[in-house]
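If you want the building blocks of each chain, they are given just below.
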Amino acid sequence: MLEISLLLNILIFILTTYTLAHIKGKLNILKYYTYLQNLISLIISLVYSICLIVCMINKTNVPEFARGLRYIATCGLLSTMLIYIVFLGNGKKAPITKDDFLKDFSPVLANILLHYVCPTLSLISFIFFERSIIITNGIWTMLVCIPSCLYWIIYIILSSTKAWKEPYNFSSSKSKVWEILTMILIPVSFIVITIILWNIK
């Protein structure tokens, strides 16, 4: 089972690296939630894969932190997929365009890889092929929130002070109620994802 998990994580690493390498202006990776979470997933997939290979060679148990990191990555990727589909109208409110990427790289391909393929591969690996790695330390339920909390706190501050051009235009909604509801439902949905994954780990 872990061999399949290794292959899936190497695939996630390759696909994410391939896509993010074509982004025009690498600082945009930190500006957009999708790119940032996929970058975190890329790093975690690399660390996890190396750890898995070393443990397989030495025939030792895979440490808990390896799956703890995978928990963080999977929650982040599923959160980006949910936000993209539900709150951004499947990309209609904040589409990935060719302006985001270097010449001749398809934004349609980037959207498919970052919002659908990588989150799905991560979920499949986490649920079905990593179960032999026991994770019990509840601290992971706190650590998983750090990347998203930091991003959205900074997002709200920069948007409310008009310090940047808001990437997702939540505040431009004609309905103030929908704007407020969106900012509430995004963290709530993230919490629900983390709870569900923790309980089926």
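**Things to note about helix H3 (residues 33–58)**
Next, step 1: Helix length check: H3, at 26 residues, gives a terminal C-alpha distance of 37 Å against a target of 38 Å (1.5 Å per residue), a fit within 8%.
Next, step 2: Lys 59 occupies a position one or two residues after H3 and carries a positive phi of about 55°.

**Notes on the confidence of the model for the protein**
Next, step 1: The predicted model of the protein averages 86 in pLDDT, with 89% of residues at 70 or higher.
Next, step 2: The secondary-structure element of the protein with the lowest mean pLDDT is helix H8 (residues 176–199), recorded at 79, while helix H1 (residues 2–20) shows the highest, at 96.

**Quick notes on unusual backbone geometry**
Next, step 1: Positive phi outside glycine occurs at Lys 59, with the angle close to 55°.
Next, step 2: Checked against the element boundaries, Lys 59 lands in the loop between H3 and helix H4 (64–87).
Next, step 3: Residue Asp 104 is not a glycine yet carries a positive backbone phi of 75°.
Next, step 4: Locating Asp 104 in the fold gives a position in the loop between H4 and helix H5 (107–129).
Next, step 5: For Asp 104, a relative accessible area of 75% translates into the label exposed.

**Notes on the nonpolar core**
Next, step 1: Tyr 71, Trp 152 and Leu 197 are the most contacted members of the largest nonpolar core, which has 27 residues in total.
Next, step 2: Listed by contribution, the elements that provide at least two residues to this core are H3, H4, H5, helix H7 (146–160) and H8.
Next, step 3: Counting residues per element, this core draws most heavily on H4, which supplies eight residues.
Next, step 4: In this structure, Leu 20, Tyr 35, Ile 96 and Leu 114 belong to the second largest nonpolar core, which totals 10 residues.

**Points about the pattern of salt bridges**
Next, step 1: Enumeration according to the criterion identifies two salt bridges in this entry.
Next, step 2: Of the charged contacts, one joins Glu 130 and Arg 67 as a salt bridge, the two residues approaching to 3.8 Å between their closest N and O atoms. Taken together, the positions of Glu 130 in the loop between H5 and helix H6 (140–143) and Arg 67 in helix H4 put the pair 63 residues apart, joining distant regions of the chain.
Next, step 3: Counted as one network, the salt bridges with shared partners bring together Arg 67, Arg 70 and Glu 130.

Parameters and conventions
Residues numbered from 1 in each chain as written. Predicted model: local features only at pLDDT ≥ 70, side-chain atom pairs only at ≥ 80, totals over all residues. Heavy atoms only, no water. Helix = DSSP H or I, 4+ residues; strand = E, 2+ residues; numbered from the N terminus. Expected span 1.5 Å × (residues − 1). pLDDT = per-residue confidence, 0-100. Buried < 20%, exposed > 50% of the residue type's maximum accessible area, 1.4 Å probe, protein only. Core = buried A, V, L, I, M, F, W, Y, C linked by side-chain atoms within 4.5 Å. Salt bridge = Lys/Arg side-chain N within 4 Å of Asp/Glu carboxyl O.

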